[in-house]
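Read off the chains here:
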Amino acid sequence: KGAGKRLVVAGCVPQGDKNARELEGLSVLGVTQIDRIVEVVERTLEGHAVRLLEKKALPSLDLPKVRRNRHVEILPLSTGCLGACTYCKTKHARGELGSYAPEALAARVATAVAEGVTEIWLSSEDTGAYGIDLGTDVTRLFRDLVKELPEDGSCMLRLGMT
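Residues numbered from 1 in each chain as written. Predicted model: local features only at pLDDT ≥ 70, side-chain atom pairs only at ≥ 80, totals over all residues. Heavy atoms only, no water.

1. Overview of the layout of surface pockets
Quick reminder of the rule: Using protein atoms alone on a 1 Å grid, points that fit a 1.4 Å probe yet trap it form a cavity, whereas open point sets bounded by protein on both sides within 12 Å along at least five of seven lines form a pocket; residues with an atom within 4 Å of a point count as lining. Grid points are joined across faces, edges and corners, and a volume is the space filled by probe spheres set on the points. Secondary structure elements are defined from DSSP: runs of H or I of at least 4 residues count as helices, runs of E of at least 2 residues count as strands, and each element is numbered from the N terminus. Under the grouping applied here, Gly and all other residues not named as nonpolar or charged are polar, the nonpolar ones being Ala, Val, Leu, Ile, Met, Phe, Trp, Tyr, Cys and Pro and the charged ones Asp, Glu, Lys and Arg.
Empty space within the largest pocket amounts to approximately 1,000 Å³. In this structure, the largest pocket is lined by 33 residues; those nearest its centre are Ile34, Lys65, Ile74, Leu75 and Pro76. When residues of the lining of the largest pocket are assigned to their parent elements, the largest contribution, 5 residues, is made by strand 4 (residues 72-76). By residue class, the composition of the lining of the largest pocket is 16 nonpolar, 10 polar and 7 charged.

2. Section: the nonpolar core
Threshold: Residue types Ala, Val, Leu, Ile, Met, Phe, Trp, Tyr and Cys, when buried and joined through side-chain atoms within 4.5 Å, form a set referred to as a nonpolar core. The cut-offs for exposure are 20% and 50% of the maximum accessible area for each residue type, with area from a 1.4 Å probe on protein chains only; residues under the lower value are buried, those over the upper are exposed, and the others partly exposed. Contacts were defined at the residue level, with two residues in contact if any of their heavy atoms lie within 4.5 Å.
Ranked by internal contacts, the top residues of the largest apolar core, which has 18 residues, are Leu75, Leu77, Leu105, Ile120, Leu122 and Leu145. Elements supplying a minimum of two residues to this core: helix 4 (102-114), strand 7 (119-123) and helix 5 (138-146). In this view, Leu75 contacts Leu61, Leu105, Arg108, Val109, Ile120, Trp121, Leu122 and Ser123; residues no more than four positions away in its chain are not counted. Core analysis: the second largest hydrophobic core is formed by 5 residues, Ala20, Leu23, Val28 and Leu53 among them.

3. Let's talk about the side chain of Ser99
Here is the rule: By the criterion applied in these results, polar contacts are pairs of N or O atoms within 3.5 Å in which, for protein atoms, one can donate a hydrogen and the other can accept it, and in which residues neighboring in sequence qualify only through two side-chain atoms.
Residue position: Ser99 is located in strand 6 (residues 98-99). In this structure the side chain of Ser99 is engaged in a polar contact, spanning 2.9 Å, whose partner is the backbone nitrogen of Gly131. A polar contact of 2.6 Å, which involves the side chain of Ser99, links it to the side chain of Asp133. Excluding residues that lie within four positions of it along the chain, Ser99 makes contacts with Leu58, Leu77, Ser78, Tyr130, Gly131, Asp133 and Leu134.

In structure tokens, the structure reads:
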């Protein structure tokens, strides 16, 4: 800020601490507003401070992306969590557990495989709780996703958390 540069702060930090003094005068983008990043950057470059922190439905899995590693697809399973840990901002920033539909995840895996990835990293804040809100679970999802992988073993799934 002191250098006079334009800055956009996005994700859990601005979402979890909307009134932080350090964010005054900056453009801030919440966790479910990622589909509006281009708009926010353009308006910020024009000299505006944009604040988009409203929570809305899960962002689409089909948003354009640039992979840091062309061989790896990082696929979010859900957002939020079921916990109530006093030390963590996840619940405050992301809210209750919201799982992506198994069909949407399977479609994204199929697309990633077609694009030539060799690793698919499944991730979320509360991976073990995936699907509880949908009446399913992560083991069923894993079985469904394996069906989308090439039979020659050229692509693997990795289950983890961010």
